[in-house]
Amino acid sequence: MMKALLKILAVDDHQFFLKGISECFGALAITEQVDTCSTYKSLQLKLQQGLPDIVFLDLNMPEHDGFSICREIKRDHENVFVAMLTQYDSEKFVNKARQCGAGAYFIKNTEPEVFSRFLSNFKDGKIKDFFVHIPSTEKSPEFE
């Protein structure tokens, strides 16, 4: 099912990273809104104000780890797609993200074009299985 323009929320405790992701995603013609937040409390407030289509969530947050935050988001808002965005390329973390309800797992050094293709496929309803992109391995599926 094709979605309207995407609403994205990026959650990370590094402001410079958030600024970059906001500018990259905001420049895409398929995005309506790109919000950012850097704390668990600000994430809760953003979710109360309106639900995004996708939350890009860092695993390493100061107050709570990304796994517990993902579980909470999926428990309270099952239709929100959570994509982990982290520096950890561990298969153990990938599996744990999947178990917590995440729909995708990206390494932070992923090329912007990969995110663009992913978001386009997500918008067009083509992301059906757990998606993993780890640039240094062969785990990443090809897009259509």
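Structural data are supplied above this passage.
Right, let's walk through the structure included here.

About the criteria used
- Residues numbered from 1 in each chain as written.
- Predicted model: local features only at pLDDT ≥ 70, side-chain atom pairs only at ≥ 80, totals over all residues.
- Heavy atoms only, no water.
- Helix = DSSP H or I, 4+ residues; strand = E, 2+ residues; numbered from the N terminus.
- Rg over C-alpha atoms; globule rule 2.2 N^0.38 Å.
- Buried < 20%, exposed > 50% of the residue type's maximum accessible area, 1.4 Å probe, protein only.
- Contact = heavy atoms within 4.5 Å.
- Areas by Shrake-Rupley, 256 points an atom, 1.4 Å probe, with all protein chains shown as cover.
- Lys, Arg positive; Asp, Glu negative; His and termini not counted.
- Charge placed at Lys NZ, Arg CZ, Asp CG, Glu CD.
- Axes fitted to C-alpha atoms, helices over the stretch in contact; angles between N-to-C directions.
- Parallel < 35°, antiparallel > 145°, perpendicular 65-115°, else oblique.
- Left-handed = near helix turned anticlockwise from the far one by under 90°.
- Nonpolar A, V, L, I, M, F, W, Y, C, P; charged D, E, K, R; others polar.

### Some words on the overall build of the protein
(1) Moving on: Of the regular secondary structure elements, the protein holds five helices and six strands.
(2) Moving on: Helices (α) and strands (β) of the protein occur, in sequence order from the N terminus, as β-α-β-α-β-α-β-α-β-α-β.
(3) Moving on: Taking 2.2 N^0.38 as the reference for a compact globule, 144 residues should give roughly 15 Å; the C-alpha atoms of the protein span a radius of gyration of 14 Å, in line with that estimate.
(4) Moving on: Scored against the burial criterion, the 144 residues of the protein give a buried share of 45%.
(5) Moving on: A fraction of 66% describes how many contacts in the protein between residues 6 or more apart in sequence connect residues 24 or more apart.
(6) Moving on: Carbon and sulfur atoms form 49% of the exposed surface of the protein, whose accessible area is close to 7900 Å².
(7) Moving on: If the 17 positive side-chain charges of the protein are averaged to one point and the 21 negative ones to another, these points end up 4 Å apart.

### Observations concerning the packing of helix H3 (residues 66-76) against helix H4 (residues 91-100)
(1) Moving on: At a closest axis distance of 8 Å, the pairing of H3 and H4 adopts a crossing angle of 25 degrees. By the angle between their directions, the pair H3 and H4 is classed as roughly parallel. Every pair of crossing elements has a handedness; the one defined by H3 and H4 is right-handed. Where H3 abuts H4, its residues Phe67, Cys70, Arg71 and Lys74 lie against Phe93, Lys96, Ala97 and Cys100.

### Notes on the packing of helix H2 (residues 40-49) against H3
Two quantities define a packed helix pair, namely the angle between the axes and the distance from one axis to the other.
(1) Moving on: Their axes nearest at 12 Å, the elements H2 and H3 cross at an angle of 15 degrees. As summarised for this structure, H2 and H3 are arranged roughly parallel, according to the angle between their axes. Considering the relative orientation of H2 and H3, their crossing is right-handed. Contacts between H2 and H3 involve Tyr40, Leu43, Gln44 and Leu47 on the former and, on the latter, Ile69, Glu72 and Ile73.
(2) Moving on: Looking at the contact of H2 with H3, its residues break down into five nonpolar, one polar and one charged.

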